[in-house]
Amino acid sequence: MLTAERHRIILELLAEKEVVKLQELVEATASSESTIRRDLSRLEKEKKLKRVHGGAALLQQKREELSVLEKSTKNIKEKQIIAKYAASLVKDGDCIYLDAGTTTLQMIPFLEAKDIVVVTNGVMHLEALLEKEIPTYLLGGMVKKKTKALIGRGAISALESYSFDKCFIGANGVHIDYGYTTPDPEEAFVKSLAIKLSRQAYILADHSKINESTFAKIADLDEATLIIDELDEELLRQYEAKTAIEVVTK
């Protein structure tokens, strides 16, 4: 089968299913795994898809953003694994920043360190933090409807009043060339500032965010440690060359 024909079949399957396993592509094209891997690598460079663990997936639109409710139903197990590990990094006496987001929200039940203080721009985080009796400061600013995040001048002004031992940030895209990204420039600026104000910064992202690049840049890869649930060996080597990375499987 000609290369162009294989590429057409790969892209048609992706358009139909959004995520396709490597073995499905091997069978659909009657090709070897090594051939399909080369095809996926080439198509990824042409920005027609992204490689994921065990296959390929469609790229999301640059400004596409799911609501909190929509995000909360996706990759729940993976988010909990990431969140539990991230919470274990918080030590007694830490002052931390918790970014708005569904994975950072999942951290709160696992926070066991004593005498910690939390600053957050996540309106959805408040009830869980108060339930845990954790001293909490909420930023000001405008509430963004989709993510329930506080953004804008008020959030930035309030954030500049603090400095943190650690911050835990969500991202919509994690890309080897473009770094950490999110669809909204205002939200990106708040995340970026929190990273700059922290001694240690962590990005919490499940595997679906890898090789995605959305509209607004948060930070370069080396500005934060990436905590993720899975990553194949080839991608892991690429990312380890750019940043610290923790792959958490349980």
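Just so you know, these numbers come straight off a predicted model, no measurement behind them. (Residues numbered from 1 in each chain as written. Predicted model: local features only at pLDDT ≥ 70, side-chain atom pairs only at ≥ 80, totals over all residues. Heavy atoms only, no water.)

Participant: Explain the packing of helix α1 (residues 3-17) against helix α2 (residues 22-29) to me, please; I cannot follow it from the model alone.
Facilitator: Packed helix pairs are characterised by how far apart their axes lie and by the angle those axes make with each other. At a minimum axis distance of 10 Å, the contact between α1 and α2 shows a crossing angle of 130°. The angle between α1 and α2 places the two elements in the oblique class. Note on packing geometry: the crossing formed by α1 with α2 is right-handed. Contacts from R6, I9, I10, L13 and K17 in α1 reach E24, L25, A28 and T29 in α2. (Axes fitted to C-alpha atoms, helices over the stretch in contact; angles between N-to-C directions. Helix = DSSP H or I, 4+ residues; strand = E, 2+ residues; numbered from the N terminus. Parallel < 35°, antiparallel > 145°, perpendicular 65-115°, else oblique. Left-handed = near helix turned anticlockwise from the far one by under 90°. Contact = heavy atoms within 4.5 Å.)

Participant: Before we go on, may I ask you to explain helix α9 (residues 185-196) in this structure?
Facilitator: Since one α-helical turn is 3.6 residues long, residues separated by three or four positions face the same way. Here α9 contains twelve residues, and its C-alpha end-to-end distance of 16 Å stays within 8% of the 16 Å for a straight helix at 1.5 Å per residue. Every buried residue belonging to α9 is among E187, A188, V190, K191, S192, L193, A194 and I195, and all of these are buried. By the N-cap criterion, in which a side-chain oxygen at the helix start approaches the backbone nitrogen of a residue two or three places on, α9 is capped by D184, the distance to E186 being 2.9 Å. (Expected span 1.5 Å × (residues − 1). Buried < 20%, exposed > 50% of the residue type's maximum accessible area, 1.4 Å probe, protein only. Polar contact = N/O pair within 3.5 Å; in protein donor to acceptor, adjacent residues only side chain to side chain.)

Participant: Can you walk me through the sheet that holds strand β11 (residues 179-182) in this structure?
Facilitator: A sheet is described by the order of its strands in space; here three strands give the open sequence β10-β11-β13, paired in antiparallel fashion. The strands lining the two open edges of the sheet, one partner per strand, are β10 (173-175) and β13 (216-219). Ignoring strand direction, the axes of neighbouring strands in this sheet form an average angle of 35°. Two elements, β11 and β13, share three bridges in a ladder whose sense is antiparallel. Residue pairing across strands places Y180 opposite A219, the latter belonging to β13. Sitting on the sheet, α9 touches β11 and β13, and the angle it makes with β13 is about 10°. (Pairing = 2+ DSSP bridges.)

Participant: Which parts of the structure should I look at to understand empty space enclosed by the protein?
Facilitator: If a probe the size of a water molecule is rolled over the atoms, the empty space left behind becomes visible. Using the criterion set out here, one finds two cavities of 30 Å³ or more in the structure. Lining the second largest cavity, in full, are R51, V52, H53, H207, I210, E230, L231 and L235. Considered class by class, the residues forming the lining of the second largest cavity number four nonpolar, two polar and two charged. (1 Å grid on protein atoms, 1.4 Å probe; cavity = no way out; pocket = protein on both sides within 12 Å on 5 of 7 lines; lining within 4 Å. Points joined across faces, edges and corners; volume = space filled by probe spheres on them. Nonpolar A, V, L, I, M, F, W, Y, C, P; charged D, E, K, R; others polar.)

Participant: Hey, could you run me through the packing of α1 against helix α3 (residues 33-45) in this one?
Facilitator: Viewed as axis vectors pointing N to C, α1 and α3 meet at an angle of 75°, and their least axial separation amounts to 11 Å. Taken together, α1 and α3 sit at an angle that is classed as roughly perpendicular. Within the contact between the two elements, α1 uses T3, R6, H7, I10 and L11 and α3 uses T35, I36, D39, L40, R42 and L43. Counted by class, the contact of α1 with α3 contains five nonpolar, three polar and three charged residues.

Participant: Would you mind going over the pairing of strand β12 (residues 198-204) with me for this structure?
Facilitator: The two faces of a sheet get side chains in turn, since along a regular strand they alternate between them. With five of its seven residues buried, β12 lies for the most part within the structure. As judged from the six bridges shared by strand β9 (residues 164-170) and β12, these two strands associate in the parallel manner. Pairing of C167 across the sheet is with A201, part of β12. Where β12 and strand β14 (residues 225-228) come together, three bridges link them in parallel fashion. Among the inter-strand pairings, I203 is bridged to a residue of β14, identified as L226.

Participant: Please clarify how the pattern of salt bridges should be interpreted in this entry.
Facilitator: Two side chains with opposite charge may pair up if their charged atoms get near one another. Counted under the stated rule, the structure contains 18 salt bridges. With a closest N to O distance of 3.3 Å, K50 and E212 form a salt bridge. Taken together, the residues K50 in strand β2 (residues 50-52) and E212 in the loop between β12 and β13 connect sequence positions 162 residues apart. By relative accessible area, K50 is classed as buried at 3%. By sharing partners, the salt bridges in this structure join E5, R8 and E12 into a single network. (Salt bridge = Lys/Arg side-chain N within 4 Å of Asp/Glu carboxyl O.)

Participant: Please clarify how the sheet that holds strand β3 (residues 55-57) should be interpreted in this entry.
Facilitator: Think of a sheet as strands paired side by side through backbone hydrogen bonds, with each pair either parallel or antiparallel. One open sheet accounts for three strands, arranged β1-β3-β2; its pairing is antiparallel. The open sheet is flanked by β1 (19-21) and β2, the only strands paired with a single partner. Ignoring which end each strand starts from, the neighbouring axes of this sheet average 30° apart. One ladder, built from three bridges, connects β2 with β3; its direction is antiparallel. Counterpart to R51 in the pairing with β3 is A56. Contacts from α2 reach β1 and β3 within the one sheet, and its direction differs from that of β1 by about 75°. Packed on one face of the sheet, α3 meets β2 and β3 and runs near 135° to β2.

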